[in-house]
Amino acid sequence: MKKAEIILEDKTYEMPVIVGTMNEKAFDISTLRKDSGYITLDQGYQNTGSCISKITYIDGEKGILRYRGIPIEELAIKSSFSETAYLLIYGKLPTAEELHTFSVKLTENAMLHEDMLNFLRSYPIHSHPMAILSSMVNTLSIFYPEEFSMDSDEGSVAFDLTAARLLSKIRTIAAFSYKKSIGEPFIYPEPDLKYAANFLNMMFNSPTKKYNLDPDIVKTLNKMLIIHGDHEQNCSTSTVRLVGSSKVNLYSSICAGICALWGPLHGGANQGVIEMLEDIIKNHKNIKGFIEKVKDKKSRTLLMGFGHRVYKTYDPRAKILKEDCMNILNKFHIKDPLLDLALELEEIALKDDYFLSRNLYPNVDFYSGILYRALGIPTNMFTVMFAIGRLPGWIAHWKEMHDTVPFRIGRPRQIYMGEPLLHYTPMNNRK
Ligand code: CMC
């Protein structure tokens, strides 16, 4: 077995090397502090592995993304969101019977407790849908307060039910919050509709205008949810693991993940891209001028939807979405000036040394917003769509962590740089 050696104050410490199934390498520093008194410092966790996982594999240099070993490109075309959710959470593709049981559970749990609607109705009309989503998901822990431990048979049955409730109710919460924002009555879930179709129906059907479910739109939404399904240790997923490691319930752990996702550097970037494109059309005479502003660090302007902590090449999810964007806009004869602008921005950026030298390519958020617009989804709901898609991944990581022995609460260390020791100063002696 290979070992890494660290020499500190003339003493050598040996640490086991761990090699993943795809040859990713790490050395295990678990005993470093106990043995040497040192910790490692890695702000932003750029080099720190927080767990061993079997869920998702990413190769950021080659642009590879696989769920449980299956390439995202295959799942996007061949699978459904429910099937992919099962794959992520339970570790294998379901048999026909398993998928049927899972789908029935989703259908049975689609409704919201009518008392929960009192909360939903009382939020201010202009509340951001992500704020409503996180609050309502945490509210589920009030309506379903039963606790369970994963290390018993009853625990795993309770987990299955909790996971199904979350997966199914999240789309109802999302659609209802949209209906509330436009002042229309809620459209209840339809037991005969599948996951993506049911969501579209709840969003866009109304008592006075029938919404026709187009198979291509349903297929595209399925695909969009699938490609957001998991992305290993990003800000929100690691948040779900960290919060969940306190053994708080699954609803509250997911609520924390939704809050982490909301930020513009993470899932909120899909909304940020559209706002950026609209700003360019309104306030910038030409695209090159905007690119120059991005390159000027003092302007603190980012090219939203570009760059990624892991991908140093084209994000495979962005490739799928770009193609779908073209297809859907063509099929429905939609002329969206934002798509033309996005294509032009991409072309200019990918010829510019600033972006090339830093390996900055379009990420999943660059084209997703334009596609959501084509499906009729409003800009402030984009990150909610990301959250619905990412939910199976969050649940899978929560489960994997709870199934891991030994189980440990997440508790990083720090290097203290504050005052060594001060004494309390009475008020009249303070400056
Ligand atoms: N526009 C302009 N410059 C950028 C951008 C960008 N979008 N992204 C990175 N850079 C620059 C950055 O300023 C730095 O330059 P320098 O070396 O001169 O200091 C260099 O590229 C390396 O970037 P970094 O900030 O060290 O990279 P990171 O891994 O810490 O950040 C990121 C990754 C995604 C937060 C960042 O690329 C970013 O802010 N992108 C825009 C927001 C965005 O699209 N986020 C969605 C990410 S994908 C969906 C998800 O999973 O969340």
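Residues numbered from 1 in each chain as written. Predicted model: local features only at pLDDT ≥ 70, side-chain atom pairs only at ≥ 80, totals over all residues. Heavy atoms only, no water.

Some words on the site of the ligand
What counts here: Here a residue is near a molecule or strand as soon as one of its heavy atoms is found within 4 Å of it. Two N or O atoms count as a polar contact when they lie within 3.5 Å, although within protein this holds only if one can serve as hydrogen donor and the other as acceptor, and sequence-adjacent residues are included solely when both atoms are side-chain atoms. Throughout, the Shrake-Rupley method with a 1.4 Å probe supplies accessible areas, and for residues the shown protein chains are the sole cover considered. Three residue categories are used. Nonpolar comprises Ala, Val, Leu, Ile, Met, Phe, Trp, Tyr, Cys and Pro, charged comprises Asp, Glu, Lys and Arg, and polar comprises the others, including Gly.
Surveying the vicinity of the ligand reveals 21 residues, the closest of which are His266, Lys297, Leu303, Arg309 and Tyr354. Between the ligand and phenylalanine 306, the relevant distance is 2.9 Å, taken from a nitrogen atom to a main-chain nitrogen or oxygen of the residue. In the environment of the ligand, an oxygen atom lies 2.7 Å from a nitrogen or oxygen atom belonging to the side chain of arginine 309. For the ligand, the protein covers 73% of the area, taking 930 Å² as the surface of the free molecule. Taken together, the residues of the shell around the ligand sort by class into eleven nonpolar, six polar and four charged.

Thoughts on unusual backbone geometry
We count it as follows: Note on conventions: DSSP H or I runs of at least 4 residues are helices, E runs of at least 2 residues are strands, and numbering of each starts at the N terminus.
In the segment running from valine 405 into proline 406, the intervening peptide bond is cis, with an omega of -5 degrees. Of note, proline 406 is situated in the segment after helix H18 (382-403). One non-glycine residue, asparagine 23, lies in the positive phi region at around 70 degrees. Position of asparagine 23 among the secondary structure elements: in the loop between strand E2 (11-19) and strand E3 (25-27). Positive phi, close to 50 degrees, is recorded for histidine 333, a residue that is not glycine. Tracing the sequence through the fold places histidine 333 in the loop between helix H14 (316-331) and helix H15 (337-349).

Topic: the packing of helix H5 (residues 114-122) against helix H6 (residues 129-143)
So the rule is basically this: Helix axes are fitted to C-alpha atoms over the stretch in contact, other axes to C-alpha atoms as well, and angles between N-to-C directions run from 0 to 180 degrees. For classification purposes, an angle smaller than 35 degrees is called roughly parallel, one larger than 145 roughly antiparallel, one from 65 to 115 roughly perpendicular, and anything else oblique. Handedness of a helix crossing follows the sense of rotation of the near helix relative to the far helix, less than a right angle counterclockwise being left-handed and clockwise being right-handed. A contact between two residues is defined here by any heavy atoms of the two lying within 4.5 Å.
The geometry of H5 relative to H6 is characterised by a closest axis approach of 11 Å and an angle of 150 degrees between their N-to-C directions. Classified by the angle between their axes, H5 and H6 sit roughly antiparallel to one another. Like other packed secondary-structure pairs, H5 and H6 cross with a definite hand, here right-handed. Contacts between H5 and H6 involve Asp115, Met116, Phe119 and Leu120 on the former and, on the latter, Ile132, Met136, Thr139, Leu140 and Phe143.

Details of the sheet that holds E2
The test is simple: The rule for pairing is simple: two strands pair if DSSP sees at least two bridges between them.
The three strands are arranged E1-E2-E3 in an open sheet whose pairing can be described as antiparallel. Each edge of the open sheet carries a strand with a single partner, namely strand E1 (3-8) and E3. Direction aside, the axes of adjacent strands within the sheet are offset by 30 degrees on average. Relative to E3, E2 runs antiparallel, the two sharing three bridges. When the sheet's bridge partners are listed, isoleucine 18 is paired in E3 with alanine 26.

Re the packing of aromatic side chains
Threshold: Classification of ring pairs rests on two measures: the distance between centres of Phe, Tyr or Trp rings, Trp counted by its six-membered ring, which must be within 6.5 Å, and the angle between planes, read as stacked under 30 degrees, edge-to-face over 60 and tilted in between. Here the term buried applies to any residue with accessible area under 20% of the maximum for its type, exposed to any over 50%, and partly exposed to those in between, with areas from a 1.4 Å probe on protein chains only.
For the structure on display, the rule yields 18 aromatic pairs. With 4.9 Å between their ring centres and 75 degrees between their planes, tyrosine 354 and phenylalanine 355 make a pair best called edge-to-face. Each member of the pair, tyrosine 354 as well as phenylalanine 355, carries the same accessibility label: buried. With a centroid separation of 5.0 Å and 85 degrees between ring planes, the pair formed by phenylalanine 366 and tyrosine 367 is classed as edge-to-face.

A closer look at the packing of helix H7 (residues 153-181) against H18
At their nearest, the axes of H7 and H18 sit 10 Å apart, and the two run at 170 degrees to each other. It follows that H7 is roughly antiparallel to H18 by the angle criterion. Here Phe159, Ala163, Leu166, Leu167, Ile170, Arg171 and Ala174 of H7 lie close against H18, whose contacting residues are Val384, Ala387, Ile388, Leu391, Pro392, Ile395, Trp398 and Lys399.

As for the pairing of E1
Where E1 lies against E2, six bridges are found, and the strand directions are antiparallel. Across the sheet, isoleucine 7 pairs through a bridge with threonine 12, a residue of E2. Counting the residues between successive antiparallel strands, the hairpin from E1 to E2 contains two residues, one of them, glutamate 9, with a positive phi of roughly 50 degrees.

Describing the layout of surface pockets
What counts here: A 1.4 Å probe that fits into a set of points on a 1 Å grid over the protein atoms alone but cannot get out defines a cavity; an open set with protein on both sides within 12 Å along at least five of seven lines defines a pocket, and lining residues are those with an atom within 4 Å of a point. Grid points are joined across faces, edges and corners, and a volume is the space filled by probe spheres set on the points.
The space that makes up the second largest pocket amounts to roughly 340 Å³. Lining the second largest pocket we find 18 residues, and of these Ser82, Ser103, Leu193, Lys194 and Tyr195 sit closest to its centre. Sorting the residues of the lining of the second largest pocket by element identifies helix H3 (81-90), helix H4 (96-108), helix H8 (195-204) and helix H9 (215-227) as the ones contributing at least two each. Here the element with the most residues in the lining of the second largest pocket is H4; it accounts for five residues.

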